[in-house]
Amino acid sequence: MFVAELRQEVCLQAQEREGPGGEGLTVLALDAVRDIARRCAVQPREVEICALQEEVIPLRYQRSIGSIGTDGQLTLLQSTVAVVGAGGLGGVVCEILARTGVGELVIIDGDEYDESNLNRQIHSTEQNLKQKKVDSSKERAAQINSSVSVRARDTMLSECNAECLLDGVDVVVDCLDSIPDRFLVERACARQRVPMVHGAVAGMMGQILTIYPGDVGLRALYGEEGNRRHGVEISFGNLGTVVTTVAALQSQEVVKIITGVGAAVRNRVLFLDLVSGDVHGVDVGN
Amino acid sequence: MNYVRVRVFATLRKHLSGEDALANIRIDGGKTVGDICSELGIPHDEVKVVFVNDHKAPLRQVLQPGDRVSIFPPIAGG
């Protein structure tokens, strides 16, 4: 009865529109999503899921459907992604995934903003220095897309809490800044049997690699773990342009993994040399 | 001629002259990746990832004429 009522409301408030290519589209505007959610006492995400199941496209995702289809958008809304680290890479990843319509984000970081973050960490402002990064990212996600629910975890991932924090997630995005912590996430993902999207930057260099349990993974990039904590970013720093580029590529990996559209950058690392503008895809297979 | 083409990245650029961080290095008598690094003055502990012809390779790998060698330091910032 409840589902039927929700479906009926969606069909009643859906509108016919002409798409960018002149094709006919049935869409649902944001106001309608909110109205139906209120009337039926459900979350906006449930309204959007119901709409997509009826081939009605929530207007906010109209420009995504051409690439990932209604099934892809539906799967994204039904998925949970953990973003480990909410600094330079993590902030941008949260921003993009909220806009993309990933249904649930688990954002993990125990740190707070300081002035040295302002050059690259997209959710840091002069007004929120000293505030918790996870709180700002959660607030921002809510402003962007009320269909996305956020679990903000004000803590650093550790061997003790990893299982609990990553429980039920579909993909983990490694946005950390230390090599041992990245290995910790990789081990936790292997235990949870979920893929991990690695990204790292140093100056005008960046790299991404998607790692599934059993892949050679981070060993290919850092050797056996534990021999050093940081890479050459210590002398090169982190540029906002490079951080944003790498985070966008990590987000794209998440979209591909969840929707099944395209192939993940797996067993092959992408090195971005943004000094020269070259991208090198190199095999790091088992 | 027995040459390999070597490209280095990030901090390792300082070991090559010129803007493009590329060098053609002669390999006679079974040189390895490690030999090339030594020849360029790159300390082995600064080298984290080496690719030969787009495949990961160890420092002990013997090079063949025409190989493309890419040498990366570790990067881990977020």
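It should be noted that the structure appears before, not after, this text.
Everything numeric here is computed off the predicted structure, so don't read it as measured data.

J.: Tell me about the overall build of chain B, and name the residues and values.
T.: For chain B, the count of helices and strands is 1 helix and 5 strands. What you see in chain B, going N to C, is helices and strands ordered as β-β-α-β-β-β. Principal-axis analysis of the C-alpha atoms gives chain B an extent of 40 × 25 × 20 Å. The buried share of chain B, taken over its 78 residues, is 40%. Across chain B, contacts joining residues at least 24 apart in sequence account for 57% of those joining residues at least 6 apart.

J.: Could you give me a rundown of the interface of chain B and chain A, with the residues and numbers involved?
T.: The interface is formed by 17 residues belonging to chain B together with 34 residues belonging to chain A. Looking at the side of chain B that touches chain A, the elements with two or more residues in it are strand S3 (49–52), strand S4 (55–56) and strand S5 (68–72) of chain B. Looking at the side of chain B that touches chain A residue by residue, the classes come out as 9 nonpolar, 5 polar and 3 charged.

J.: Can you lay out the pairing of strand S7 (residues 171–174) of chain A for me, pointing to particular residues and giving the numbers?
T.: Look at any regular strand and the pattern is simple: side chains alternate between the two faces of the sheet. Residue and element names in this part refer to chain A. Burial of S7 is two-sided: the residues Val 171 and Val 173 facing one way and the residues Val 172 and Asp 174 facing the other way are all buried. As paired strands, strand S4 (residues 80–84) and S7 are joined by 4 bridges and run parallel to one another. Within the sheet, the bridge partner assigned to Val 84 lies in S7 and is Asp 174. In terms of strand pairing, S7 meets strand S8 (residues 196–202) through 3 bridges, oriented parallel. Residue pairing across strands places Asp 174 opposite His 198, the latter belonging to S8. Traced from S7 through helix H8 (residues 179–192) to S8, the parallel crossover comes out right-handed.

J.: Can you explain the sheet that holds strand S1 (residues 15–18) of chain A? Please cite residues and give values.
T.: All names here are of chain A. Taken together, 3 strands build an open sheet; the order of strands is S1-S2-S3 and the sheet is mixed. Two strands bound the open sheet, and with one partner strand each, they are S1 and strand S3 (57–58). Pairing geometry for strand S2 (residues 24–28) and S3, over 2 bridges, is parallel. In the strand pairing of S3, Val 27 is matched with Ile 57.

J.: Account for the nonpolar core, with residues named and values stated.
T.: Residue and element names in this part refer to chain A. Ranked by size, the top nonpolar core spans 111 residues in total, and within it Val 83, Leu 105, Val 172 and Val 173 carry the most contacts. The element best represented in this core is helix H11 (residues 240–259), accounting for 8 residues. With residues up to four places along the chain from it excluded, the contact list for Val 172 reads Ala 82, Val 84, Leu 166, Val 185, Cys 189, Val 194 and Met 196.

J.: Could you give an account of helix H3 (residues 44–53) of chain A, with specific residues and numbers?
T.: All names here are of chain A. The element H3 is extensively covered by neighbouring structure, given that 7 of its 10 residues are classed as buried. As for H3, its buried residues are in contact with helix H1 (2–13), S2, helix H2 (30–40), S3 and helix H4 (62–77). Immediately beyond the C-terminal end of H3, within one or two residues, lies Glu 55, with a positive phi of roughly 65 degrees.

J.: So what's going on with H4(A)? Which residues, and what values?
T.: All names here are of chain A. With 16 residues, H4 extends just 14 Å between its outermost C-alpha atoms, more than 12% less than the 22 Å of an ideal straight helix rising 1.5 Å per residue. The axis of H4 is deflected most strongly, by about 105 degrees, at Ile 68. All buried positions along H4 are accounted for by Ser 64, Ile 68, Gly 72, Gln 73, Leu 74, Thr 75, Leu 76 and Leu 77. For H4, the secondary structure elements touched by its buried residues are H3, helix H5 (88–100) and H11.

J.: Tell me about the packing of H3(A) against H4(A), and name the residues and values.
T.: All names here are of chain A. Where H3 contacts H4, the axes come no closer than 10 Å and their chain directions differ by 155 degrees. Between H3 and H4, the angle is such that the two are roughly antiparallel. Crossing of H3 against H4: the hand is left-handed. Mapping the contact onto sequence places Arg 45, Glu 48, Ile 49, Leu 52 and Gln 53 in H3 and Thr 70, Gln 73, Leu 74 and Leu 77 in H4. Residue composition of the contact of H3 with H4, by class: 4 nonpolar, 3 polar and 2 charged.

J.: Explain the pairing of strand S11 (residues 278–283) of chain A residue by residue, including any values.
T.: Residue and element names in this part refer to chain A. Of the pairings in the sheet, the one linking strand S10 (residues 268–273) to S11 comprises 6 bridges and is antiparallel in character. In the sheet register, Asp 273 faces S11, and the bridge partner there is Asp 278. In this antiparallel pair of consecutive strands, S10 and S11, the connection spans 4 residues, and Gly 277 shows a positive phi of 85 degrees.

J.: Which residues make up the packing of H5(A) against H11(A), and what values do they have?
T.: Residue and element names in this part refer to chain A. In contact at an axis separation of 8 Å, H5 and H11 are set at 45 degrees when each is read in the N-to-C sense. It follows that H5 is oblique to H11 by the angle criterion. As H5 packs across H11, the resulting crossing turns out to be right-handed. Across the interface between the two elements, Gly 88, Leu 89, Val 92, Val 93, Ile 96, Leu 97 and Thr 100 from H5 touch Val 243, Thr 244, Val 246, Ala 247, Ala 248, Gln 250, Ser 251, Val 254 and Val 255 from H11. Residue composition of the contact of H5 with H11, by class: 11 nonpolar, 5 polar and no charged.

Thresholds applied
- Residues numbered from 1 in each chain as written.
- Chains lettered and ligands numbered in written order.
- Predicted model: local features only at pLDDT ≥ 70, side-chain atom pairs only at ≥ 80, totals over all residues.
- Helix = DSSP H or I, 4+ residues; strand = E, 2+ residues; numbered from the N terminus.
- Buried ≥ 20, exposed ≤ 12 C-beta atoms within 10 Å, placed from the backbone.
- Contact = placed C-beta atoms within 7 Å.
- Nonpolar A, V, L, I, M, F, W, Y, C, P; charged D, E, K, R; others polar.
- Pairing = 2+ DSSP bridges.
- Right-handed = clockwise from strand over helix to strand, strands pointing away.
- Core = buried A, V, L, I, M, F, W, Y, C linked by C-beta atoms within 7 Å.
- Expected span 1.5 Å × (residues − 1).
- Bend = angle between axes of the 7 residues up to and from the residue.
- Axes fitted to C-alpha atoms, helices over the stretch in contact; angles between N-to-C directions.
- Parallel < 35°, antiparallel > 145°, perpendicular 65-115°, else oblique.
- Left-handed = near helix turned anticlockwise from the far one by under 90°.

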